[in-house]
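Residue strings, one per chain:
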Amino acid sequence: MIKRLIPLLLVISLFFILLKVATNVAPNYDLTGVAKTYAEQGASDLGAMNLVTAIVVTYRGLDTLGEVTVLFMAGTGIALLLRRKKKKNDSGIKNRAASEILKTGSKLLVPIITMFGAYIFINGHLSPGGGFQGGAAIASAVMLMFLADSSFKINHKVFVLIESFSGIFYVLIGVLGLVILGADNFLDNRILPLGTFGTILSAGTIPLIYTLVGLKVGTELASILDNMKGELE
Amino acid sequence: MNITTIVHITGFALILIGFWGMLTQKNMIKIILGLAIVETGVQLVMVAFGFIDGRTAPILDSAVELSKASSLIVDPVPQALVLTAIVIGVAVNALMLTFVIRLYQQKKSLSINDYKDLKW
Amino acid sequence: MVNPIYIIAILLGLGFLLPSINKAGIKVTVTIFFLGIIAVTAISYQWLSAFLIDGQQAVQIFTAGFKPPMSINLQMGLNEAVLITLINFGALLGAIYSFKYFAENGIQALVVFLLFILGMNGLVLTRDIFNIFVFLEITSIATYILIGMDLRLKSLSAGFKYMIAGGIASVFLLLGIILIYSKTGTLNLDGMIAAVSAAGSSQILFVGVFILIFSVVIELKVFPANGWALDVYEGSDTGISAMISATSATALLFVLYKVLPLASIDLTKMIVIIGVLTFVVSNLFAIMQKSTNRLLGYSSIGQIGLLVFVIASKDILGDNFEKIFFGLLISHFLAKAGLFWLSGIVKAEKIQDWVKIKKHPILIFMFGTFILALMGFPPFPSLAAKWSLVMILAENGSFLWISLVILASILEVLYLFRWFGYILKLEDSEEKVEKPQHQLHPVYIVTLLLYVAGFYITRSFDAGLSINFIPLAFVGILFLIDFLPVYIKNTLVMIAVSYYGYILVPGLDTLKLIFALIFLVGGILTFIPGYSVKGKRIGFYPVAAMMYVGLIGLIEAETFFQFFFAWEIMTAGSYFLILRGKRSMSHALSYILFSAGGAYLILFGFALSGAETGSILLTSLSEVHIYATMVFILLALGFMTKTASIGLHIWLPGAHAEAESDVSPMVSAVLLKAGVFGLIILFIAMRNNDVSNLFYILGWVGAITALLGNLIASFQEDAKKLLAYSSIAQLGYILFALAIMTNVGWLAAIWYSITHFLYKALLFLAVGAIVLKLKTHKMYEMGGLIKKMPMSFISVLIGIIALSGVPPLAGFGGKWLLYNAFILKGWYFQGAIIAFSGVVAFLYLFKLIYSIFLGPIKDKHRKMTEVSVWYLIPQYLIIATLMVLSSKPRMILEKVGLYFKEILPENTVVWNGDAASTFVNGKLFGVWDPFYIMIIVCVMFAVLLGFLLFASRKATKVEMFNIVYSAERPESPQTAHFSYNMFSHYRKALGFLVLPLVTNFWNFITDLFHSSSDFFRKFYNGNAQVYIMHIIGFVVFFYFILNGGIF
């Protein structure tokens, strides 16, 4: 009991801190500050229907680039930490084969999920969704394949290439803003025409960036899964 | 009680539950889960701060008239931030689990009490 | 200017690229890796030089083509440019040090390191709060991976603890960000700061700002939420620890700097407290630490704590903030990176194992550089920064903070110099140090940079450019030419000292001239024996020169800063000199502890004075009134640590006795006078400041010091210890004489200073040479050496006559002046003690000459010959000087009397021919004619000697033979020696006076610190879950304090 006392005291103390916040939260009635500016100017500035996407990809594009970096680094780090000696690669314990339902179902679902993922990131500027969500969906397709077939292996070379080049292109698109528009225009989506509001090919580079992010996130998450599923030594 | 309050309270509750887990569970995976729960709680709180009762998502489709957008939609900023926070949270959690995998391999134990070699 | 965005683009682009060109081979990858880091370093340096040289203004860089708050902006100003240059260059060196280690672990490690650099650059540059979060995560995640990637249990568990702590900090940060955003509607830092200060009181903002600031503070590893950090420092590869301690801590400190304007005054004060607390506690815990990397970890955390304190005190520090911050930061950055790297090269887990670098002077030199830089010795940037910090704190009346900073600094001195002592003094180990070149180069570079930075930063503080760096450069050159043989270096040093004297002396007033001559002539005389040493005597000349540079600097000093700077150089130099002795490890440590403590007291005293008068001149001490008592006590105590007054003396006997034979006279005859010089300056300046009670007390202290010093000296068996205790007593006379504060009293003090310099140098040289020859300090192992070493015998004889104060030699003049002074002053009690201690002095002087030169000679000494001529030359030069001074003291004393006449008009001495006389109410009081005395005594001596020679002309010589008294030998042979425990009967009577009370007191103090350190550091019990509790407890504790209660 005494062992639980300190955690209890600490959590109660935290409770009082949060209580102070909770009792003082006043519900919002109107947009204020920067959010209002986004709502008023976002559409005309960037031509993206989805304001969240506009913020994520362009206004706060540097955050997103950082976010991609974090994920990339986590993938890299996991690969580094879970590296294994090549010889022992095949000596793992045989896994039980997946059930027939899973095998058949996955064959049916994998293409659909992949396509859905692509849809999500391509339409990121028009509807809820975007590169991260789309990438995650694609990775879930890969996961399904892992489940269905224990001997399934992803093609590392291809994955690494996709990861690398989608990342490099993302940075290059950002740098193009500097080159074309000026020193304050890193990651500006307006290096491409904004197009007609509400169509697929609008909002400048946003769909392009989200496609790259989608590919990158999809391959990275898949690689993480691949690294984690393997036997160690 | 409106939706904002409910989400806030849920978020705060998750934060407390998560910390309770981190402070009381000896299993390292559970501690990581505790942290994940705290993160979720914080993310809920973040979204709740951007929410305005009776408004729609910050997507300027046919449901939102462009010129009145600022009086029709909720705050898009916290949503954008949460998106980033989630992704970063996932990355950190994955990495933490990797550390646990490797630690387990060395000592065959998941208990946090068994990893006290460095001290004082 | 290259847009700083390119720093991000280059690092990120290369990070993404490297995995895909894996096939091209490791060489290509590593080349690209380095090109990337070099490119970003070049970009940051380009900005830095633009700011420093071309007067570039700070620029804002927006992204996405929108202005903040809509978009994220970066800021590039001077601060940012300095920091990213430091970080990128540090990372470049770190990459050079570690790239093989990275490559062994896989190409991914290179990628992660690039992104690590990216994160830190982003942290420094960005002005957006959420962007700070993102870059913080990038930096942290990169760090986790770099820590854990070698897959050792240590590094993995340390990494895991770090991740948990980092995870908690980042959820707090997110919560803080969203709370503040909900009230301010912006994420831009500048907008946020403006909005928060405009918002007035808001509970949400209160919690939000608190939790945001605290998340940053947790990342900075402050006490007590830092158990994990120590494990990280200990568990990680040293290359990574170096980066965590240097580069990423730098970036995080700047984050605190950026977000702290959000905080309320109370919250800022809280950070001040946390910073100081961290500095003190880390250094306290460090003193019991044996593991190298953990010790460095404690030290890092302490230094970061100090920097947190500086950042939180920004408003107080005003215009000097940047200089102080960068001065401390750069010292810590370079020195700590260097130490961690060195630790990786030496591969010694325990600090005792570092003894294996004993045979590597370059490694020792670099190690010494680093620890001196950490502690704030000259010429490193931290000295000026700490100086300025204390000065400004004193102006603001923050005495508690000053005291705590000083306490922690002394603890730092304790463990760092103890470590240094281990390296030089423990038994050499057989283990070899492998020196991989690619790992050594970064260490060379940071060493060099420390000196360069020290020069420029010290000058930036030193408004009048008053510090003379040329002598220091000479010391530096001596280090470089240390491979030359002794006779070249010895000659060079002597020429340099003479030349400097030649330049210096003409411009000096009488007082300074006397001390300058003591230091300079002392320097030349004590260097002469150096010719007797063969080989290179590695490390001796630079440090000896350092001590003399410091001493001369004291003479030249006009301002507090110059004085303190010189004082610290002298302290460091003399410490290294003393440490050279064979069994000097613990003595040198206690010497440096007292010296450092004394130096900090002096610093504190100067700061108080400066705070009151606003002046930086030494003479401004006379204008201090409010703090007069405090200033006087602090400075007097500070100087008395050097003059080894009773209570502060325990370092002296060991330090002087165990030093090398020609070092003992340096540190005894010469060095102690620095304290006297300080006291004189202090007394002259503050004589009218209403501190006369304190003079009275000091008079007693001097008298007691004299008595006890002499008594203890009488009970010594070690010849050099005897002389050392005698020095304590002699310095007691000087303190007593000074405290009398009359003209004749000061004449006595000056006369004692000069003559003590002469006869103590003479005695230490003579005895030291004998000790060197006989290879023993113990007097009962000597005896009968008069025929083997007649020249030395004459030296010692003259020396003890001079010291004892019997006519005709100089000591008599000192006594005459002193007795006149205290009788005229009316200090009869103290005077009686002084007179009595003069009698006691005969005991040990007799013992000295009798045990060494008279009595039966030891069997093993039968073939002994005279000592080295290089020791005799200075002895006979001194004897000649003594003779001249003893018969013609007027040529010095009259000038001194005149010089002091304006300051101390009371009780002057009147000269008539060679005779001096004192007057009381116009009536003649005492007369002393040294010249006649000299003649009379010499004639008497000659007559007596002649008679004795005549009378004993028929005496037959008897050879000594070995007498065995009975069939048994005594168990401990020394007890049978006539000089062993010679004055045991006096000891029975007066032994209570020489109980080691003071030693016990100081031992108690050090034990107290050590045991509390050992007890409290158990707080970090290694359990990650307990660390979580620390972190949360830390946050809630300070929250409730700030909140003023639970609700």
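Everything quoted here is computed from the prediction, not taken from an experiment. (Residues numbered from 1 in each chain as written. Chains lettered and ligands numbered in written order. Predicted model: local features only at pLDDT ≥ 70, side-chain atom pairs only at ≥ 80, totals over all residues.)

**Some details on the packing of helix α1 (residues 2-24) of chain A against helix α1 (residues 3-24) of chain B**
No. 1: The interhelical angle for the contact between α1 of chain A and α1 of chain B, taken along N-to-C directions, is 160 degrees, at an axis separation of 10 Å. The pairing of α1 of chain A with α1 of chain B is recorded here as roughly antiparallel in orientation. Between α1 of chain A and α1 of chain B the crossing geometry is right-handed. On the side of α1 of chain A, the interface is formed by R4, P7, L10, V11, L14, F15, L18 and A22 of chain A, while α1 of chain B contributes H8, I9, F12, I15, L16, F19, W20, L23 and T24 of chain B. (Axes fitted to C-alpha atoms, helices over the stretch in contact; angles between N-to-C directions. Helix = DSSP H or I, 4+ residues; strand = E, 2+ residues; numbered from the N terminus. Parallel < 35°, antiparallel > 145°, perpendicular 65-115°, else oblique. Left-handed = near helix turned anticlockwise from the far one by under 90°. Contact = placed C-beta atoms within 7 Å.)

**Comments concerning the confidence of the model for chain A**
No. 1: Within chain A, residue pLDDT values average 86, and 93% of them lie at 70 or more.
No. 2: Of all secondary-structure elements in chain A, the lowest mean pLDDT belongs to helix α2 (residues 33-46) of chain A, at 86, while helix α4 (residues 61-81) of chain A reaches the highest, 93. (pLDDT = per-residue confidence, 0-100.)

**Some thoughts on unusual backbone geometry**
No. 1: In the segment running from P68 of chain C into P69 of chain C, the intervening peptide bond is cis, with an omega of 10 degrees.
No. 2: In this fold, P69 of chain C is placed in the loop between β1 (59-62) and β2 (73-76).
No. 3: A cis geometry characterises the amide bond from F223 of chain C onward to P224 of chain C, with omega recorded as 0 degrees.
No. 4: Residues other than glycine seldom take positive phi values, yet K108 of chain B does so here, at roughly 55 degrees.
No. 5: Along the polypeptide, K108 of chain B turns up in the segment after α4 (76-107).

**What about the interface of chain C and chain B?**
No. 1: At the junction of the two partners, chain C supplies 36 residues and chain B supplies 32 residues.
No. 2: Listed by contribution, the elements that provide at least two residues to the side of chain C that touches chain B are α5 (129-148), α6 (153-184), α9 (227-235) and α39 (1024-1043) of chain C.
No. 3: Of the residues forming the side of chain C that touches chain B, the biggest block, 15 residues, is contributed by α6 of chain C.
No. 4: Within the side of chain C that touches chain B, the residues separate by chemical class into 20 nonpolar, 10 polar and six charged. (Nonpolar A, V, L, I, M, F, W, Y, C, P; charged D, E, K, R; others polar.)

**Some words on the interface of chain A and chain C**
Often, the extent of an interface is quoted as the loss of accessible area on bringing the components together.
No. 1: Counting from both sides, the interface comprises 53 residues of chain A and, opposite them, 51 residues of chain C.
No. 2: Where the side of chain A that touches chain C is concerned, the elements lending two or more residues are α1, α2, α3 (51-59), α4 and α7 (156-180) of chain A.
No. 3: Element by element, the count of residues in the side of chain A that touches chain C is highest for α4 of chain A, at 15 residues.
No. 4: When grouped by side-chain class, the residues that make up the side of chain A that touches chain C number 29 nonpolar, 15 polar and nine charged.

**As for the nonpolar core**
One broad rule of soluble globular proteins: the nonpolar side chains tend to lie buried together.
No. 1: In this structure, L95 of chain B together with L11, I141, I213, L256, V308 and A737 of chain C are the most contacted members of the largest nonpolar core, which totals 523 residues.
No. 2: By residue number, the principal contributor to this core is helix α30 (residues 743-774) of chain C, which donates 23 residues.
No. 3: Residues in contact with V308 of chain C, not counting those within four places in the same chain, are L220, V222, L256, I271, I274, G275 and T278 of chain C. (Core = buried A, V, L, I, M, F, W, Y, C linked by C-beta atoms within 7 Å. Buried ≥ 20, exposed ≤ 12 C-beta atoms within 10 Å, placed from the backbone.)

**Section: helix α21 (residues 510-527) of chain C**
No. 1: For α21 of chain C, built from 18 residues, the straight-helix expectation of 26 Å at 1.5 Å per residue is met to within 8% by its first-to-last C-alpha distance of 25 Å.
No. 2: Among the 18 residues in α21 of chain C, 13 count as buried, and that is most of the element. (Expected span 1.5 Å × (residues − 1).)

**Examining the sheet that holds strand β3 (residues 909-912) of chain C**
Sheet strands line up and pair through hydrogen bonds in the backbone, either parallel or antiparallel.
Residue and element names in this part refer to chain C.
No. 1: Here three strands make up an open sheet; going across it, the order is β3-β4-β5 and the pairing antiparallel. The outermost strands of the open sheet, each flanked by one partner alone, are β3 and β5 (923-928). Each neighbouring strand pair of the sheet contributes to a mean axis angle of 35 degrees, computed without reference to strand direction.
No. 2: Where β3 lies against strand β4 (residues 915-920), four bridges are found, and the strand directions are antiparallel. Counted as the bridge partner of V909 is T918 from β4. (Pairing = 2+ DSSP bridges.)

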